[in-house]
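What follows is each chain in one-letter form.
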Amino acid sequence: MLSPDRTVRQRMTDLLFDARRSSYQLAQLLGIPERQVEDHLSHVVQSVARDRTRRFVLEPSTCTDCGYVFRDRKKLTKPSRCPSCRSEGVTAPRYGIELRKALSRRLDSRAVSG
Ligand SMILES: [Zn+2]
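Residues numbered from 1 in each chain as written. Predicted model: local features only at pLDDT ≥ 70, side-chain atom pairs only at ≥ 80, totals over all residues. Heavy atoms only, no water.

J.: So what exactly am I meant to see when it comes to the packing of helix H2 (residues 23–30) against helix H3 (residues 34–49) here?
T.: For any two helices packed against each other, one specifies the inter-axial angle together with the distance between the axes. Look at H2 against H3: their axes get within 9 Å of each other, and the N-to-C directions meet at 105°. Our classification of the angle between H2 and H3 gives roughly perpendicular. Between H2 and H3, the contacting residues are Ser23, Tyr24, Leu26 and Ala27 on the first element and Glu34, Val37, Glu38 and Leu41 on the second. In terms of residue class, the contact of H2 with H3 is made up of five nonpolar, one polar and two charged. (Axes fitted to C-alpha atoms, helices over the stretch in contact; angles between N-to-C directions. Helix = DSSP H or I, 4+ residues; strand = E, 2+ residues; numbered from the N terminus. Parallel < 35°, antiparallel > 145°, perpendicular 65-115°, else oblique. Contact = heavy atoms within 4.5 Å. Nonpolar A, V, L, I, M, F, W, Y, C, P; charged D, E, K, R; others polar.)

J.: Sorry, what's going on with the coordination of the zinc ion here?
T.: Each donor-metal-donor angle in an ideal tetrahedron of four donors is 109.5 degrees, and each such angle in an ideal octahedron of six donors is either 90 or 180 degrees. In the first shell of the zinc ion, the protein supplies Cys63 (SG), Cys66 (SG), Cys82 (SG) and Cys85 (SG), at 2.3 to 2.4 Å from the metal. Angles of 105 to 116° at the metal separate the four donor atoms of the zinc ion, which places the site in the tetrahedral class. Positions of the donor residues of the zinc ion along the chain correspond to the pattern C-x2-C-x15-C-x2-C. You can see Cys66 sitting in the loop between strand S2 (54–59) and strand S3 (94–99) and its partner Cys82 sitting in the loop between S2 and S3, a full 16 residues away along the chain. (Donors = N, O, S within 2.8 Å, 3.2 Å for Na, K, Ca; no water. Tetrahedral: all angles 85-135°; square planar, octahedral: opposite > 155°, others 65-115°.)

J.: How should the pattern of salt bridges be read in this particular structure?
T.: Side chains that differ in sign of charge can pair as their charged atoms come close. Enumeration over the complete set of coordinates arrives at six salt bridges. Glu98 is the salt-bridge partner of Arg20, the closest N and O atoms lying 2.9 Å from each other. Of this pair, Arg20 sits in the loop between helix H1 (4–16) and strand S1 (21–22) while Glu98 sits in strand S3, and the two are 78 residues apart along the sequence. Assessed through its relative accessible area of 25%, Arg20 is described here as partly exposed. Of the residues examined, Glu98 reaches a relative accessible area of 17% and is grouped as buried. Notably, a salt bridge pairs Arg55 with Glu98, separated by 2.9 Å at the nearest N-O pair. Note that Arg55 is positioned in strand S2 and Glu98 in strand S3, a separation of 43 residues in sequence. Owing to a relative accessible area of 30%, Arg55 belongs among the partly exposed residues under this scheme. Connected via shared salt-bridge partners are Arg20, Arg55, Glu59, Arg94 and Glu98. (Salt bridge = Lys/Arg side-chain N within 4 Å of Asp/Glu carboxyl O. Buried < 20%, exposed > 50% of the residue type's maximum accessible area, 1.4 Å probe, protein only.)

In structure tokens, the structure reads:
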């Protein structure tokens with residue numbers, strides 16, 4: 001049986017490459033519920049972690065009231081409230097995939113002459 005999940009994850013990986021997107025944006029772009037985005041996303045994170053050429057980037061949530069940044073948060077999902085001021089005005093985290101630095105530098109230097 002062909003798994004449709006595989007296609008969604010492939011498309012998600014493409015959408016995240018060299019970009020920063022929230023799970024809401026991914027849900028819109030992929031036409032699936034945000035809850036499913038979070039499930040697929042954890043698998044995308046795992047496959048990127050095994051890839052030596054790319055890395056997964058998590059741009060942390062911030063509190064819009066006090067500016068608190070959720071740097072230490074391990075979960076991919078949006079926190080419900082700020083631990084510092086208890087505000088619920090918390091931005092959604094954004095995700096992306098980039099080439100690892102060493103490799104992209106090497107590729108850049110090769111591409112310069114054109
Ligand atoms: Zn706050």
